[in-house]
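Breakdown of the fold
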Amino acid sequence: MSDMRLIVAGASGRMGRTLVRAIAETKGVTLCGALEQAGSPMIGRNASDLAGVGGEDILVTDDTERLMSHADGIIDFTAPHATVDHAKLAAKAGIAHIIGTTGFSADDEAAIVQAAKRAVIVKSGNMSLGVNLLAALVKRVAKTLDEDFDIEVLEMHHNKKVDAPSGTALLLGRAAAEGRGISLDQRSVRSRDGHTGARQAGDIGFATLRGGTVVGDHTVIFAGTAERIELGHKAEDRMIFARGAVKAALWANGKKPGLYSMADVLGLTDF
Ligand SMILES: NC(=O)C1=CN([C@@H]2O[C@H](COP(=O)(O)OP(=O)(O)OC[C@H]3O[C@@H](n4cnc5c(N)ncnc54)[C@H](O)[C@@H]3O)[C@@H](O)[C@H]2O)C=CC1
Ligand SMILES: O=C(O)C1=N[C@H](C(=O)O)C[C@H](O)C1
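Residues numbered from 1 in each chain as written. Chains lettered and ligands numbered in written order. Predicted model: local features only at pLDDT ≥ 70, side-chain atom pairs only at ≥ 80, totals over all residues. Heavy atoms only, no water.

1. Quick look at the sheet that holds strand β9 (residues 204-210)
Pairing is mixed in the open sheet, where five strands are placed in the order β8-β9-β7-β10-β11. The two strands at the open ends of the sheet, each matched to only one other strand, are β8 (188-189) and β11 (228-235). In the sheet, strand β7 (residues 150-157) pairs with β9 via seven bridges, with the strands oriented parallel. From the neighbouring strand, L154 faces β9, where its bridge partner is A207. Across the sheet, helix α7 (residues 167-180) touches β7, β9 and β10 (216-223), and the angle it forms with β9 is around 165°. (Pairing = 2+ DSSP bridges. Helix = DSSP H or I, 4+ residues; strand = E, 2+ residues; numbered from the N terminus. Contact = heavy atoms within 4.5 Å. Axes fitted to C-alpha atoms, helices over the stretch in contact; angles between N-to-C directions.)

2. Describing the packing of aromatic side chains
Enumeration according to the criterion identifies one aromatic pair in this entry. With a centroid separation of 5.0 Å and an interplanar angle of 80°, the aromatic rings of W251 and Y260 are classed as edge-to-face. Stacked on the ring of W251, the Lys or Arg K255 has its end atom at 4.4 Å from the ring centre. (Phe/Tyr/Trp six-rings, centres within 6.5 Å; stacked < 30°, edge-to-face > 60°. Lys NZ or Arg CZ within 6 Å of the ring centre and 35° of its normal.)

3. Some thoughts on the confidence of the model for the chain
As a note on interpretation, predicted positions should not be read in detail where pLDDT is low. Scored by pLDDT, the chain has a mean of 97; 100% of the residues are at 70 or more. Two numbers describe this predicted complex: its pTM, 0.98, and its ipTM, 0.99. (pLDDT = per-residue confidence, 0-100.)

4. Side note on the UniProt feature "binding site: (S)-2,3,4,5-tetrahydrodipicolinate" (unreviewed entry) in the chain
The UniProt feature table records "binding site: (S)-2,3,4,5-tetrahydrodipicolinate" (unreviewed entry) at H158, G167 and T168. Within the secondary structure, G167 sits in helix α7. What makes G167 buried here is its relative accessible area of 14%. Excluding anything up to four places from it in sequence, G167 contacts T102 and G125. Among the structural elements, T168 can be located in helix α7. When residues no more than four places from it in sequence are discounted, the contact partners of T168 are G125, N126, V131 and H218. Among the polar contacts listed, one links the side chain of T168 to the backbone oxygen of G125, at a separation of 3.3 Å. (UniProt positions renumbered as here; feature names shortened; annotations may be inferred. Buried < 20%, exposed > 50% of the residue type's maximum accessible area, 1.4 Å probe, protein only. Polar contact = N/O pair within 3.5 Å; in protein donor to acceptor, adjacent residues only side chain to side chain.)

Here's what the structure looks like:
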């Protein structure tokens, strides 16, 4: 069987370069295109060189539709507006779309749901095995404990990150809310400042730290009376996200259109 042909969107970014390396080391996939935004000084550069891997010359381009016409899938860790455009184009081209981008608005999310009616989309705020296993554990603990345990999600990332709370923090918060049988949208507290009043039982709080080169640290705290349970994950290398995304692409190849998660890819839905 021939290799799955993959495009990397955002090929010169932190994740893009890591994805090019992950594709180079994985059997059954081949890099067939590298995308960057129009006007990027990286256009025309060799994506393999940017990623520090050998192999075929794949020149960075902004011609999305041309690349999609001869690809089986696109892995996309870029920015919300770019990912929404790619979702529409990938649906038109009939190729799989693996979305790692975070920071979507409700309108963006709706556009992605729409595109998934015509294409296979795998989307997750975190593509690592560890975080998706953590989410399953968080859901189970939240189901076991009642509102006497306050749930808080703490995250820290590098100083270049542009969205908050992180996609992972929201994924973990959603897992906790599902376990507790509540809506995260109605019960999340995203920031606290000044005279906030006492904490409401049943809320799910988020706290964000930014600094240095931290790849991604997340802790879910269940704080009860005189005891605390803390479940956490520390990412030490972006390769964990890239390998997860490549695994998702291989899993998506030939699947029916729909919006899937990493829990589907990793078989964690019934955990
Ligand atoms: N789901 C996951 O496991 C992970 C998700 N992320 C998310 O991935 C996204 C990217 O993160 P980084 O690589 O650290 O950012 P980055 O800023 O280093 O890279 C983003 C790249 O996308 C490019 N880009 C922007 N618009 C584009 C367009 N229209 N077409 C093609 N390329 C375009 C930018 O020029 C840039 O090179 C963020 O939303 C981040 O939160 C990051 C790590 C893991
Ligand atoms: O921007 C990042 O770097 C990361 N983003 C994702 C998120 O928002 O959770 C995943 C990972 O933590 C790194």
